[in-house]
Amino acid sequence: MTAIKAIGGYAAKQCPVRTQNDILQPAVPLKYDDFTLRLFRRGNAFEAEVFERLLSVPGVVKIEAHSATNGKAREVATLAAIAAGAPVILSGRLPADKGHRVGEPDILVGGLGGYHAIDVKGHSTFGNGTEVPALAADLHEMDLSRAIPVSAQRRPDDLMQLAHYQRMLEARGIAAPGSFGAIIGVELQVVWFDLMATLMTHRRLPMAVYDEEFALRLRVIRVATEHLKDDSVPLVVQPERVSECRVCPWKDYCKEVMEQGSGVLSLLVPKIRQPTMGNLISQGITSRGDLARMDLSTYVGKLTASLPDHKDRAMATQGIEPVYLRRGITTVEVPTADLMIHYDVENDENGVYLHGLHIISQSGLDIPTGFRPVYSWDLLDAASEAKLFSEFWERL
């Protein structure tokens, strides 16, 4: 039986093709670009800030992590802190379990005879996006029982990582009752999620989705390892275009494979995923033109809700008209007013650097029209970002 190296909490939320390529090493992976490295540094700095704030919590234990090579020492220290009943453990590391998992939860917090995992993320936990029920407490109030109900952003990647740590705690018999995990975001609130609640898309449970995805990654690794010994063993997944591609070290290799083979359909028609892509290819649909001409009534396989939209988009790329109406739409009414202000923002990892205003006036008033941006090309911090917003607000 093929031996499998334990994998961490990121694998289940990453593209399985990336996991496969990490085993096969089919090319030289790209180095992370400066932007991605800045994000990593910013995340690490935020984590350090949170840890510094939490050092004042009574009984907190911080596991020293001088380098990536002292994993075993960190595991021993973490288990010792757990055995001693430390209420809060920072920067711990759990040993590999029988399920081939290894994990480094940022924070372990005790509760009712066991531990919950908390992860520190340099992003917001409230605000825009799909909201789900959660519980929240101030940073220094780590007791789940004292948290109050709130609505928080649904971030599937965060939930998957918390589910990974939850399974590790369960495997060691040290999980606190209730499948709760928490995220500390830039608001410096401890936001708790019930991982056995219907928080994922299609009202699925985070734990159930994680179990499926992690099992797939294990199968991908096992088969890829066998493929290295015998290339007649077919691989589990093939390259396809997904949102993660832009920051993946294998993006150039996967693009080359897709351009040379059947994956070109995914490259040309974004968001077509397996198994739909495989079904289309098996029926001779390998280009946008093929998809545009395809009779959906002849499609063999499950007709997903998105396939007609993919076909319409392909038809639009092949047609001569500049604009096409979406399926089911016969007319489009655009409301107008005497004064219309269109607003958009642009941002990077440092904050919002451009507030864009496009002003259209039919009122006869003496109002400057056209594009009226408020922007800064300087490196932003919280104070300069707030100042820029004030300038925008004054102009508005």
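In this text, all values refer to a predicted model and were calculated from it rather than measured experimentally.

S.K.: Tell me about the pattern of salt bridges, and name the residues and values.
M.R.: This model, assessed by the stated rule, comprises 18 salt bridges. With a closest N to O distance of 3.3 Å, Lys121 and Asp119 form a salt bridge. The class of Lys121 is buried, set by a relative accessible area of 11%. Here the salt bridges share partners, and the residues they tie into one network are Arg74, Glu75, Arg93 and Glu104.

S.K.: Describe in detail the sheet that holds strand E1 (residues 60-62), supporting the description with residues and values.
M.R.: Taken together, eight strands build an open sheet; the order of strands is E1-E2-E3-E4-E7-E8-E5-E6 and the sheet is mixed. Edge positions in the sheet fall to E1 and strand E6 (148-153), since each has one partner strand and no second. Mean inter-strand twist for the sheet, computed between neighbouring axes without regard to direction, equals 30 degrees. Two elements, strand E2 (residues 88-90) and strand E3 (residues 107-111), share three bridges in a ladder whose sense is antiparallel. If you follow Ile89 over to E3, its bridge partner there is Leu108. Each of E1, E2, E3, strand E4 (114-120) and strand E7 (180-184) touches helix H2 (residues 34-54); the most contacted strand, E4, lies at about 135 degrees to it. Sitting on the sheet, helix H3 (residues 71-83) touches E1, E2, E3 and E4, and the angle it makes with E2 is about 170 degrees.

S.K.: So what's going on with a nonpolar patch on the surface? Which residues, and what values?
M.R.: A surface patch of nonpolar side chains, amounting to about 620 Å² of accessible area, comprises Leu339, Ile341, Tyr343, Phe389, Trp393 and Leu396. In terms of residues, the nonpolar patch owes the most to one element, strand E9 (residues 339-348), which gives three residues.

S.K.: Can you break down the side chain of Asn21 residue by residue, with the values?
M.R.: Considering the arrangement of structural elements, one finds Asn21 in helix H1 (residues 16-24). When residues no more than four places from it in sequence are discounted, the contact partners of Asn21 are Pro26, Trp250, Tyr253 and Cys254.

S.K.: Quick rundown of the packing of aromatic side chains? Include the residues and the values.
M.R.: Across all of its chains, the model carries eight aromatic pairs by this definition. Ring plane angle 15 degrees and centroid distance 4.8 Å describe the contact between Tyr343 and Phe392, whose orientation is recorded as stacked. With Tyr343 in strand E9 and Phe392 in helix H11 (residues 382-395), the pair connects residues that are 49 residues apart, well separated along the chain. Taking 6.0 Å as the distance between ring centres and 20 degrees as the angle between the ring planes, the aromatic pair formed by Phe389 and Trp393 counts as stacked. Within this pair, Phe389 and its partner Trp393 are both found in helix H11, separated by four residues, close to a single helical turn. Residue Phe389 is classed as partly exposed on the basis of its relative accessible area of 38%. Ring pairing ties together the aromatic residues Tyr343, Phe389, Phe392 and Trp393, which thus form one cluster. We note Arg101 situated over the ring of Phe214; from NZ or CZ to the ring centre the distance is 4.8 Å.

S.K.: Give me the lowdown on helix H10 (residues 307-318), citing residues and values where you can.
M.R.: Taking 1.5 Å of rise per residue, the 12 residues of H10 would be expected to cover 16 Å, and the 17 Å separating its terminal C-alpha atoms lies within 8% of that figure. For H10, the full list of buried residues reads Leu307, Pro308, His310, Lys311 and Ala314. For H10, the arc enclosing every buried residue in end-on projection is 160 degrees, short of the 170-degree limit, so these residues lie on one face. Turning to H10, the residues buried within the fold contact helix H8 (276-282) and helix H9 (288-293).

S.K.: With reference to specific residues and values, describe the pairing of strand E5 (residues 131-138).
M.R.: Alignment of E5 against E6, held across six bridges, turns out to be antiparallel. Bridge pairing in E6 places Glu131 opposite Gln153. Note: E5 against strand E8 (residues 189-194), four bridges, orientation antiparallel. Residue pairing in the sheet places Leu135 in a bridge with Trp192 of E8.

S.K.: If you had to explain the pairing of E8 to someone new, which residues and values would you point to?
M.R.: Where E7 and E8 come together, five bridges link them in antiparallel fashion. Directly across from Ala182, in E8, lies its bridge partner Trp192. Counting the residues that bridge the hairpin from E7 to E8 gives four residues, and of these Leu188 lies at a positive phi of roughly 60 degrees.

Cut-offs applied
- Residues numbered from 1 in each chain as written.
- Predicted model: local features only at pLDDT ≥ 70, side-chain atom pairs only at ≥ 80, totals over all residues.
- Heavy atoms only, no water.
- Salt bridge = Lys/Arg side-chain N within 4 Å of Asp/Glu carboxyl O.
- Buried < 20%, exposed > 50% of the residue type's maximum accessible area, 1.4 Å probe, protein only.
- Pairing = 2+ DSSP bridges.
- Helix = DSSP H or I, 4+ residues; strand = E, 2+ residues; numbered from the N terminus.
- Axes fitted to C-alpha atoms, helices over the stretch in contact; angles between N-to-C directions.
- Contact = heavy atoms within 4.5 Å.
- Patch = residues over 30% accessible without salt bridge, like charges linked within 9 Å, V, L, I, M, F, W, Y side chains within 5 Å.
- Areas by Shrake-Rupley, 256 points an atom, 1.4 Å probe, with all protein chains shown as cover.
- Phe/Tyr/Trp six-rings, centres within 6.5 Å; stacked < 30°, edge-to-face > 60°.
- Lys NZ or Arg CZ within 6 Å of the ring centre and 35° of its normal.
- Expected span 1.5 Å × (residues − 1).
- Arc of directions from axis to C-beta.

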